[in-house]
Amino acid sequence: MATTVRAQQPIRGFPSDALAERARLESALRATPDTARLRQYLSFMSRQPHHAGSARDLAVAQYALARFREWGLEARIDTFQALMPYPVVRRVTMTAPTPFVLQLREPAIPQDSDSRDLGQLPTFNAYSPDGDVSGELVYVNYGIPADYEELARLGVDVRGKIVIARYGGSWRGIKPKVAAEHGAVGCIIYSDPRDDGFWTDDTYPAGPMRPAQGVQRGSVMDMPTYPGDPLTPGWGNRPGGRMLPRDSVTTIEKIPVLPISYGDALPLLRALRGPMAPNDSWKGALAIPYHIGPGPARVHMTLKFDWQVRPLYDVIVTIPGSTDPDQWVIQGNHHDAWVNGAHDPLSGAIATLETARSFAELRKHGWQPRRTIVLALWDGEEWGLLGSTEWAEANADALQTHAVAYFNSDTNNKGALGSSGSHTLESFFREIARDSHDPVNGHDEITERLDQSLSRARTDRDSARIRRDPWRIGALGSGSDYTAFIDHLGIASADLQHGGAQEAGVYHSIYDDYQFYTRFYDPGFKYAAAESGAMGTAIMRLADAPVLPFSFTDAAATQRRYILEIDSLAKRTLPDSLDLSAVHNSVDALAAAGARYDSALAGAVAHGTTWLDAHRAQLTAINQNVYLSERDLISDQGLPRRPWYRHTIYAPGYYTGYGVKTMPGIREAIEQKNSAEARDQAVIVAAAIGRMAARADGAARALAALQ
């Protein structure tokens, strides 16, 4: 469905006399994505399993490369490598009270031919260590720190035991990490049907939820310490380059861990005795009493991996800028999958392909971006954000100078458009949502997001809050390829995708394939086309804006919310007071500088296109200061105990994995009841926001001085 931007609606960073041309360009861009082409891309790319390091993985990268070059775009494959151990031995048996050998295999479904494909990686967790362990079994609910506090209250000790945790509640890698910290010798993770199985809907193939023998593969790398190749923290792993010895790596888990199905989990859980699950939050949907143990169930786990370094193939497209080629707008989606990966990641990758083709079509009719556009299809994301992290680390110096922003996508399916990211981009993405429309009902995406959020509101208070601010972007933690850009390099970043209207239970299984996607996720490829149009519009606007549309006012408002939350947390948690006045003062300074920048930006664009073109050289320098402002939020020493993460406002939590901790240095110190560290981190955060405020003020003054 083609959509247009009404010329009378302002677009931040553009003069009013440019809006008609923006409407024409954006209408043409949004009209280009072709559902038949999207279907063709997905059919080829998801036809066979294509996990990172495999021959089919290279074939998918080469297919994308050929398409980009076919459309006349400058494209290449940038090759890296990383430690990617494939499993060699996987055995789990219950030795008592009744012998039982786990299947550890997802069965083919007759109605789904791709579920029979050769070359499937078996069910496993990447970066589990080798192990041969035995022990009594203990059920630990989701296996997060709060669950172990509950176990301690019940008098249950997991030392020397094997724990079984269900997926959910946090990122999977936290479960073996916390289990090891409490003395467990092994960890099993299963998918309970309450979380993504028959509790919600019929199971596949009758419905979209995880069947009894469905298993969620996935990495358990300790990504809150650092993502990317475990052997090269902080530098890109080019073939022939320096690598750490494996015995010095800190991101490989300490105890063996393996995912299983709820079909395999049921006999284990049924054999447990000991205390009952303490409350409903510990109970799944299996028809058993949820006992905790330990025992009498005993389990023997044997895992062995080949510990090979394997190649990564990043596909990189460059569209040179016409007037500011040294300023780069970057967008990426990964192409590797655990198996066929129709939804994760190809639903987003095919949209990136059509975005590239849309740009190629516009270039044929005379358009050239003001700034350089870089499009990427990353490899190795599933293992731990390998391809994007290695590329970002290898190109760190250039990126820190030239990168205006990084836009990410990953999975995409039917539902409203949503975004998370740097809050300097909140107004920018609100306008993208305003000018984007649901491909089925035609609602603008702000309205669509409002309706979808209200349908899930549990209380009148929730509904009132949603209505007050129907479009607010979330904060980024980790879990996709934006991580190196924002958390390590301080590049303003955002994640943009449709979704939320389809419950499903095939994540990281052999059933995430073409048939499932075209039946449940996006049958007509309308949302893939909408994603291509929305992302293409965002890239093109940022690449073409005469004055960069960052909003320091939005950033300050968000940071004020964070520091108020932290202030409240400190009062509840710390035994002594925590003085956060310096952080409050820095946020106030940023808000004032943001207001001055808003005024100067409005004044500049009011002069019109001719005036802006006449001051292009000065604007280039001002715009560079604007985008470098995100670098000001970086701390050179990084976060405590994990210096790779350097952003002072956003980071994944040490015990949340994907989930964000805002102002993480202060917040996590308070959670750990470490008053001295909280005070030190408050100084660092105040200084970082102060640097951003000073740079924003400088950009505002320079922009005002031109007028």
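Residues numbered from 1 in each chain as written. Predicted model: local features only at pLDDT ≥ 70, side-chain atom pairs only at ≥ 80, totals over all residues. Heavy atoms only, no water.

Visitor: Mind laying out the overall build of the chain, listing which residues take part and the relevant values?
Guide: In terms of helices and strands, the chain carries 23 helices and 18 strands. A globule of 707 residues ought to have a C-alpha radius of gyration of about 27 Å, and the chain, at 25 Å, matches this closely. Dimensions along the principal axes, computed over C-alpha positions, put the chain at roughly 80 × 60 × 55 Å. For the chain, with 707 residues in total, the buried portion stands at 63%. (Helix = DSSP H or I, 4+ residues; strand = E, 2+ residues; numbered from the N terminus. Rg over C-alpha atoms; globule rule 2.2 N^0.38 Å. Buried < 20%, exposed > 50% of the residue type's maximum accessible area, 1.4 Å probe, protein only.)

Visitor: Report on unusual backbone geometry, specifying residues and quantitative values.
Guide: In this chain, G295 is followed by P296 through a cis amide linkage whose omega measures 0 degrees. You can see P296 is positioned in the loop between α7 (262-270) and β10 (298-305). Geometrically, the link from D344 to P345 is a cis peptide bond, its omega value of 20 degrees lying close to zero. Even without being glycine, N141 reaches a positive phi, approximately 60 degrees. Position of N141 among the secondary structure elements: in the loop between β5 (131-139) and α4 (145-154). The backbone of L385 shows a phi angle near 60 degrees, a positive value even though the residue is not glycine. Along the chain, the position of L385 falls in the loop between α9 (381-384) and α10 (386-394). The exposure class of L385 is buried, given its relative accessible area of 1%.

Visitor: Could you give me a rundown of the nonpolar core, with the residues and numbers involved?
Guide: With 212 residues, the main nonpolar core has F68, W383, F407 and F429 as its most contacted residues. Looking at this core element by element, the count peaks at 12 residues for helix α23 (residues 675-705). When residues no more than four places from it in sequence are discounted, the contact partners of F429 are F407, S419, W471, I473, A494, L496 and A538. (Core = buried A, V, L, I, M, F, W, Y, C linked by side-chain atoms within 4.5 Å. Contact = heavy atoms within 4.5 Å.)

Visitor: Tell me about the pairing of strand β9 (residues 257-260), residues and numbers included.
Guide: Burial along β9 is two-sided: V257 and P259 and L258 and I260, pointing in opposite directions, are all buried. Sheet topology note: the strand β7 (residues 186-190)/β9 ladder contains four bridges and is parallel. By the bridge assignment for β9, I188 is matched with L258. (Pairing = 2+ DSSP bridges.)

Visitor: Account for the sheet that holds strand β16 (residues 493-500), naming residues and giving values.
Guide: Strand order in the open sheet formed by seven strands is β1-β11-β13-β12-β14-β16-β15, and the pairing between neighbours is mixed. For this open sheet the edge positions go to β1 (74-83) and β15 (415-421), each flanked by a neighbour on one side alone. This sheet shows a mean twist of 20 degrees between the axes of neighbouring strands, independent of strand direction. Bridge analysis of strand β11 (residues 309-319) against strand β13 (residues 371-378) gives five bridges, and the strand direction is antiparallel. Residue pairing for β13: I319 is matched across the bridge by I373. Strands β1, β11 and β13 of the sheet are contacted by helix α3 (residues 55-70), whose axis makes an angle of about 160 degrees with β1. (Axes fitted to C-alpha atoms, helices over the stretch in contact; angles between N-to-C directions.)

Visitor: Tell me about the environment of R371, and please be specific about residues and values.
Guide: Along the polypeptide, R371 turns up in strand β13. The spatial distance from the C-alpha of R371 to the C-alpha of E426 is 21 Å, given a sequence separation of 55 residues. Setting aside residues up to four positions removed in sequence, R371 forms contacts with I319, G321, D324, Q327, V404, L542, A543, D544, A545, P546, L548 and N623. There is a polar contact of 2.9 Å between the side chain of R371 and the backbone oxygen of L542. (Polar contact = N/O pair within 3.5 Å; in protein donor to acceptor, adjacent residues only side chain to side chain.)

Visitor: With reference to specific residues and values, describe helix α16 (residues 514-521).
Guide: When we look at burial in α16, the residues that qualify are F516, Y517, T518, F520 and Y521. Residues of α16 that are buried sit in contact with α2 (35-45), α8 (346-364) and α17 (526-544).

Visitor: Let's hear about the sheet that holds β10: which residues, and what values?
Guide: What holds strands together in a sheet is hydrogen bonding between their backbones, with the strands either parallel or antiparallel. Strand order in the open sheet made by the seven strands is β3-β2-β10-β5-β6-β7-β9, with mixed pairing throughout. Lying at the two open borders of the sheet, with one neighbouring strand each, are β3 (100-101) and β9. Across the sheet, helix α5 (residues 174-181) touches β6 (162-166), β7 and β9, and the angle it forms with β7 is around 150 degrees.

Visitor: Talk me through the packing of aromatic side chains; I want residue IDs and the actual numbers.
Guide: For the coordinates displayed, the defined rule picks out 32 aromatic pairs. An angle of 55 degrees between the planes, with centres 5.3 Å apart, marks the rings of W378 and W391 as tilted. Within this pair, whereas W378 is found in strand β13, its partner W391 is found in helix α10, the two being separated by 13 residues in sequence. Both residues of the pair, W378 and W391, count as buried. (Phe/Tyr/Trp six-rings, centres within 6.5 Å; stacked < 30°, edge-to-face > 60°.)

Visitor: Explain the pattern of salt bridges to me, using residue names and the numbers behind them.
Guide: Counting across every chain of the model gives 35 salt bridges. When the shortest N-O distance is used, the salt bridge between R357 and E354 registers 2.7 Å. Of this pair, R357 and E354 are both found in helix α8, three residues apart, which corresponds to roughly one turn of the helix. An identical accessibility class is assigned to R357 and E354; each is buried. Among the salt bridges present, the one from D469 reaches R472, with a minimum N-O distance of 3.0 Å. (Salt bridge = Lys/Arg side-chain N within 4 Å of Asp/Glu carboxyl O.)

Visitor: Quick one: what's the story with the side chain of T648, residue by residue and with numbers?
Guide: Relative to the helices and strands, T648 is located in the loop between α21 (616-628) and β17 (650-652). Of the polar contacts made by the side chain of T648, one reaches the backbone oxygen of L633; its length is 2.8 Å. Residues contacting T648, with those up to four places away along its chain left out, are L633, I634, S635, M663, P664, I684, V685 and A688.

Visitor: Provide a residue-level description of the environment of V626, including the pertinent values.
Guide: Turning to its location among the elements, V626 is positioned in helix α21. Of the residues examined, V626 reaches a relative accessible area of 1% and is grouped as buried. Residues V626 and S581, 45 residues apart in the sequence, show an inter-C-alpha distance of 26 Å. Apart from the residues within four sequence positions on either side, V626 is in contact with L548, F550, F552, Y597 and A699.

Visitor: Lay out the packing of helix α18 (residues 552-573) against helix α19 (residues 581-606) with the relevant residues and their values.
Guide: Between α18 and α19, the shortest axis-to-axis distance is 8 Å and the interhelical angle comes to 165 degrees. When the axis of α18 is compared with that of α19, the two are roughly antiparallel. For the pair α18 and α19, the crossing hand works out as left-handed. Only V583, H584, V587, D588, L590, A591, G594, A595, Y597 and D598 of α19 make contact with α18, whose side of the interface consists of F552, T553, A555, A556, Q559, R560, I563, L564 and D567. (Parallel < 35°, antiparallel > 145°, perpendicular 65-115°, else oblique. Left-handed = near helix turned anticlockwise from the far one by under 90°.)

Visitor: Could you give an account of the pairing of β15, naming the residues involved and the relevant values?
Guide: With six of seven residues buried, β15 is to be regarded as a mostly interior element. Where β15 lies against β16, seven bridges are found, and the strand directions are antiparallel. Bridge pairing in β16 places L417 opposite H498.

Visitor: Describe the packing of helix α12 (residues 426-434) against α17, naming the residues involved and giving the relevant values.
Guide: Relative to each other, α12 and α17 sit at 135 degrees, their axes nearing to 10 Å. On the basis of the axis angle, α12 is oblique to α17. Here α12 and α17 pass one another in a crossing that is right-handed. Residues F428, F429, E431 and I432 of α12 touch α17, and the partners they reach there are A534, T537, A538, R541 and L542. Its residues placed into classes, the contact of α12 with α17 shows six nonpolar, one polar and two charged. (Nonpolar A, V, L, I, M, F, W, Y, C, P; charged D, E, K, R; others polar.)

Without other data, these values stay purely geometric and don't point to any function.
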